[in-house]
Amino acid sequence: MSQWEPAARLSYWAFHSNRRPAYMRFAYLQLGSDSAAEDAVDATFDSLMNEWLRMLHMDRLDAYAWTVLKQRLADRQHRRSPWPRPRPMDMSAFEAALKEAHADQYEVLTDTIRFYSAVSRLAERQRDAVLLRYGLQCSAGEAASVMGVDEATVRTHLGQAHRRLARLLDTSAES
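Residues numbered from 1 in each chain as written. Predicted model: local features only at pLDDT ≥ 70, side-chain atom pairs only at ≥ 80, totals over all residues. Heavy atoms only, no water.

Engineer: Whenever I open this one, the pattern of salt bridges confuses me. Can you help?
Structural biologist: Pairing between side chains of opposite charge can happen when the charged atoms of each approach one another. Evaluated as defined, the whole model comprises nine salt bridges. Among the salt bridges present, the one from Arg-60 reaches Asp-150, with a minimum N-O distance of 2.9 Å. Placement of Arg-60 in the loop between α2 (34–55) and α3 (61–79) and of Asp-150 in the loop between α7 (140–147) and α8 (151–174) is noted, with a sequence separation of 90 residues between them. Put simply, Lys-70 and Asp-128 hold a salt bridge, and the shortest N to O gap is 2.6 Å. One end of the pair, Lys-70, is in helix α3; the other, Asp-128, is in helix α6 (residues 124–135), and 58 residues separate them in sequence. Judged by its relative accessible area of 15%, Lys-70 is buried. With relative accessibility at 1%, the residue Asp-128 sits in the buried group. (Salt bridge = Lys/Arg side-chain N within 4 Å of Asp/Glu carboxyl O. Helix = DSSP H or I, 4+ residues; strand = E, 2+ residues; numbered from the N terminus. Buried < 20%, exposed > 50% of the residue type's maximum accessible area, 1.4 Å probe, protein only.)

Engineer: Got a minute to help me understand the nonpolar core in this structure?
Structural biologist: For soluble globular proteins, nonpolar side chains are generally found buried alongside one another. Phe-15, Tyr-23, Phe-26, Leu-48, Trp-66, Leu-132 and Val-154 are the most contacted members of the largest nonpolar core, which has 45 residues in total. Every element with two or more residues in this core is listed here: α1 (6–31), α2, α3, α5 (105–120), α6, α7 and α8. For this core, the leading source of residues is α1, giving ten residues. (Core = buried A, V, L, I, M, F, W, Y, C linked by side-chain atoms within 4.5 Å.)

Engineer: Please clarify how the packing of aromatic side chains should be interpreted in this entry.
Structural biologist: Remark: the centre distance and the inter-plane angle together describe each pair of aromatic rings, the angle taken between the planes. Applying the stated criterion across every chain, the model contains eight aromatic pairs. Arranged with centres 6.0 Å apart and planes meeting at 75°, the rings of Trp-4 and Tyr-12 form a pair that is edge-to-face. Just as Trp-4 is buried, Tyr-12 falls in that class too. For Tyr-12, a relative accessible area of 1% translates into the label buried. Connected via pairs of aromatic rings, a cluster forms that spans Trp-4, Tyr-12, Trp-13, Phe-15, Tyr-23, Phe-26, Phe-45, Trp-52 and Trp-66. (Phe/Tyr/Trp six-rings, centres within 6.5 Å; stacked < 30°, edge-to-face > 60°.)

Take a look at the structure:
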């Protein structure tokens, strides 16, 4: 990095500062621990730093970075211990139930587990869009920026996800 032009160095650190918070939140949602999320995000930015000068010539730099993050998350998920552990999205169901003190906690828990189970069955891009939009409370524009796609693409993924979730949840309610 010391051999880079100042503009390239500034652009990398600006990208890092801009994306790291969203990448950390998304990684935590996928991995379920701060340390695992930090390891995956750090590995992502290490990879991006090694490719940064080449990336500056890409049309969709954000999309490439998102792909690298997703690969690092997949790497971390495959390295997990061999014994069964709750998936992070399943654990967030318990967190949601605990937050809803005024509601029937069992009902909140079962509904949230059903929802996350259905979300896990979505296509990858649809799942990413849903988790960013609703799990992390990003606007469609923010989700698009993080994923490196157009906002219309995120809206399309969300629309497809809503239709698929409606079918999955309707079917699972009958079971």
